[in-house]
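For reference, the chains in residue letters:
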Amino acid sequence: GSSPRLIFKYLLSLISPWPYTFIRDFNQDYSRFLHQLFDQYHFDYLLVNPLSLAINLSAKLLNDRSCLKIVDVDLLRSRYYFDLTKVTKNPLLKVLYWLESRKQFFWERHSLSQFDRIIYLDSSYRHYLSSGLCLQSRKLYGGFSYFPTTRLRPHQSDRHNFLFLGNLLWKPNRDGL
């Protein structure tokens, strides 16, 4: 459904340099909570999926070299909107989709450059992601071998704290955890 809040955010994105999905996903309270969480606990790993949630991470968190920051790119919105420009017949929508694809593209490039590892499963993303970014591609034959499920604890050298930012309504994310 289209709530008045989502409609407002979409209209705001038309005049904003920020892409719609990032305006939609930014939440000041969530951002503040994450900042407090990183101040209180040490995290060895941070996994973000979808990429748009990265808008809630402060520069301080993204620059923390003690935490390996990983993003799982299962959908590049810039390509999604660009593909919509090819199939839509409405000239106004074509322009709006093209503008959104450009905003998404530049934001994705900026965001991806702040992560230590980028996971992607769509092989067509390899060229798209690597142009302009310094990436090393590695094939994945499984995931992480350890996901802590107990409550957070102070950092110990033989254990690792893992933070997942994502949507648990999406079945692959639930299965991964």
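Residues numbered from 1 in each chain as written. Predicted model: local features only at pLDDT ≥ 70, side-chain atom pairs only at ≥ 80, totals over all residues. Heavy atoms only, no water.

Visitor: Can you help me understand helix H6 (residues 91-112) in this one?
Guide: An α-helix turns once every 3.6 residues. As a result, residues three or four positions apart point the same way. Relative to the 32 Å expected for 22 residues at 1.5 Å per residue, H6 spans 31 Å between its end C-alpha atoms, a close match to the ideal helical length. Looking at H6, one finds that the buried residues are Tyr 97, Glu 100, Ser 101, Lys 103, Gln 104, Phe 105, Trp 107, Glu 108, Arg 109, Ser 111 and Leu 112. (Helix = DSSP H or I, 4+ residues; strand = E, 2+ residues; numbered from the N terminus. Expected span 1.5 Å × (residues − 1). Buried < 20%, exposed > 50% of the residue type's maximum accessible area, 1.4 Å probe, protein only.)

Visitor: Can you help me understand the side chain of Lys 103 in this one?
Guide: For Lys 103, the location among the structural elements is in helix H6. Beyond its immediate stretch of four places on either side in the chain, Lys 103 contacts Ser 13, Leu 14, Ser 16, Pro 17, Trp 18 and Pro 19. (Contact = heavy atoms within 4.5 Å.)

Visitor: Explain unusual backbone geometry to me, please; I cannot follow it from the model alone.
Guide: The phi torsion of most residues other than glycine is negative, and most of the peptide bonds are trans. The residue after Asn 49, namely Pro 50, is reached through a cis peptide bond having omega 10°. Residue position: Pro 50 is located in the loop between strand S1 (45-49) and helix H4 (59-62).

Visitor: Explain helix H3 (residues 28-40) to me, please; I cannot follow it from the model alone.
Guide: Across its 13 residues, H3 extends 18 Å between first and last C-alpha, which sits within 8% of the 18 Å expected from 1.5 Å per residue. Where H3 is concerned, the buried positions are Ser 31, Leu 34, Leu 37 and Phe 38. The arc enclosing the buried residues of H3, seen along the axis, measures out at 120°, which places them on a common side. Residues Asp 29 and Gln 40 are exposed on H3 and point more than 90 degrees away from its buried face. Residues of H3 that are buried make contact with S1, H4 and strand S4 (162-166). Of the residues flanking the start of H3, the one acting as N-cap is Asn 27, its side-chain oxygen 2.9 Å from the backbone nitrogen of Asp 29. (Arc of directions from axis to C-beta. Polar contact = N/O pair within 3.5 Å; in protein donor to acceptor, adjacent residues only side chain to side chain.)

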